Structures are given as C-alpha cells and as structure tokens.
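Structural characterization, general
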Amino acid sequence: MAGFLLSPATVWGLTAAVPAVLAEYLYRTLPGPWHHYVYIYMPISMTISYSIYRLVTIPQTTLLDAFVVWAFSTTAMRVLVSVVFLGDIVRPGTWVALGLLIVARAVQAYWGR
C-alpha cells in the first residue's frame, strides 16, 4: 500500500496540486483584483507547470495514469479547502466524483498500471 503513496507519480501529483489549490484559495480570499498579486501567482504557476511536466514525463507512466493522480489530488484538496477553510457547501456531484477518483486510484495502485 505504501508503494503508491511514495511513487514519483504521487509525489509530483501532490507537488502540482498543492500550489494549484493554494492559488485558488488565495484568489478567493485576497482582496482586490488578482493582477495586483501577480508576484505571488507567478511562482505558483511556474511550480504547477514544472510539476505537471515532471508528472507526465515519469518513465513507464502513461498520460492517463498521470491524469488520475492529478485529478484525485486536486479534487481531494479542493473539497478539503472548500469545506474546512472557506466554509462552502460541496454539492453531491463533487462528492461522487471524489469517490470515483478514490476508486480509480485504488484500482490503479492494486491492479497495476
């Protein structure tokens, strides 16, 4: 079980997802237009881009494998930030999507890629 948690795909997926969700959180919470904070968003976007590049160029990892990791990471963290930090109501469709991504990640980890 720990093998997929420490896999390069998981590491780079999380490395891309954390700043992506952080940028979305900052967009919702910082006052004023986003372009006043371009000095914050620029390094974040460069980190996201490089992490996705590393994610999709991992040897023996298909684009679909990388997509499952990225989608699971971002959706799970978006739900967490929405519920815990922003106090938003998460719609049932999002919960179902998160559940299906959890199943997809478990199948990917246990049945192999």
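Summary of the structure given here. (Residues numbered from 1 in each chain as written. Predicted model: local features only at pLDDT ≥ 70, side-chain atom pairs only at ≥ 80, totals over all residues. Heavy atoms only, no water.)

As a further point, take the packing of aromatic side chains. The tally for this structure, following the rule as stated, stands at three aromatic pairs. Taking the centre distance of 6.2 Å and the plane angle of 65° together, the rings of tyrosine 25 and phenylalanine 85 count as edge-to-face. Taken together, the positions of tyrosine 25 in helix α2 (residues 8–29) and phenylalanine 85 in helix α4 (residues 63–85) put the pair 60 residues apart, joining distant regions of the chain. On the accessibility criterion, tyrosine 25 (28% relative accessible area) is partly exposed. Each member of the aromatic cluster is reached from another via a ring pair, and the members are Trp12, Tyr50 and Tyr53. (Phe/Tyr/Trp six-rings, centres within 6.5 Å; stacked < 30°, edge-to-face > 60°. Helix = DSSP H or I, 4+ residues; strand = E, 2+ residues; numbered from the N terminus. Buried < 20%, exposed > 50% of the residue type's maximum accessible area, 1.4 Å probe, protein only.)

In this structure, Ala20, Ala23, Leu26, Tyr37, Tyr41, Ile44 and Ile48 together form the largest nonpolar core, which totals seven residues. Within the residue set of this core, elements represented by two or more residues are α2 and α3 (38–56). Not counting chain neighbours up to four residues away, the residues in contact with tyrosine 37 comprise Leu30 and Pro31. Core analysis: the second largest hydrophobic core is formed by five residues, Ala9, Ile58, Ala66 and Val69 among them. (Core = buried A, V, L, I, M, F, W, Y, C linked by side-chain atoms within 4.5 Å. Contact = heavy atoms within 4.5 Å.)

Between its terminal C-alpha atoms α3 stretches 27 Å, which fits the 27 Å expected from 19 residues at 1.5 Å a residue. Residues of α3 that are buried: Tyr41, Ile44, Ile48, Ser51 and Leu55. Buried residues along α3 cover an arc of 100° about the axis, so they all sit on one side. The exposed residues of α3 that point more than 90 degrees off its buried face are Tyr39 and Met46. Buried positions along α3 lie against α2 and α4. (Expected span 1.5 Å × (residues − 1). Arc of directions from axis to C-beta.)

It is the contact of α4 with helix α5 (residues 92–110), at a shortest axis distance of 9 Å, that shows an interaxial angle of 140°. Taken together, the axis directions place α4 and α5 in an arrangement best described as oblique. Taken as a pair, α4 and α5 cross one another with a handedness that is left-handed. Along the contact surface, α4 presents Asp65, Val68, Val69, Ala71, Phe72, Thr75, Ala76, Val79 and Val83, while α5 presents Thr94, Trp95, Leu98, Leu101, Ile102, Ala104, Arg105 and Gln108. Split into classes, the residues belonging to the contact of α4 with α5 amount to twelve nonpolar, three polar and two charged. (Axes fitted to C-alpha atoms, helices over the stretch in contact; angles between N-to-C directions. Parallel < 35°, antiparallel > 145°, perpendicular 65-115°, else oblique. Left-handed = near helix turned anticlockwise from the far one by under 90°. Nonpolar A, V, L, I, M, F, W, Y, C, P; charged D, E, K, R; others polar.)

By themselves, these observations are geometric and do not establish any function.
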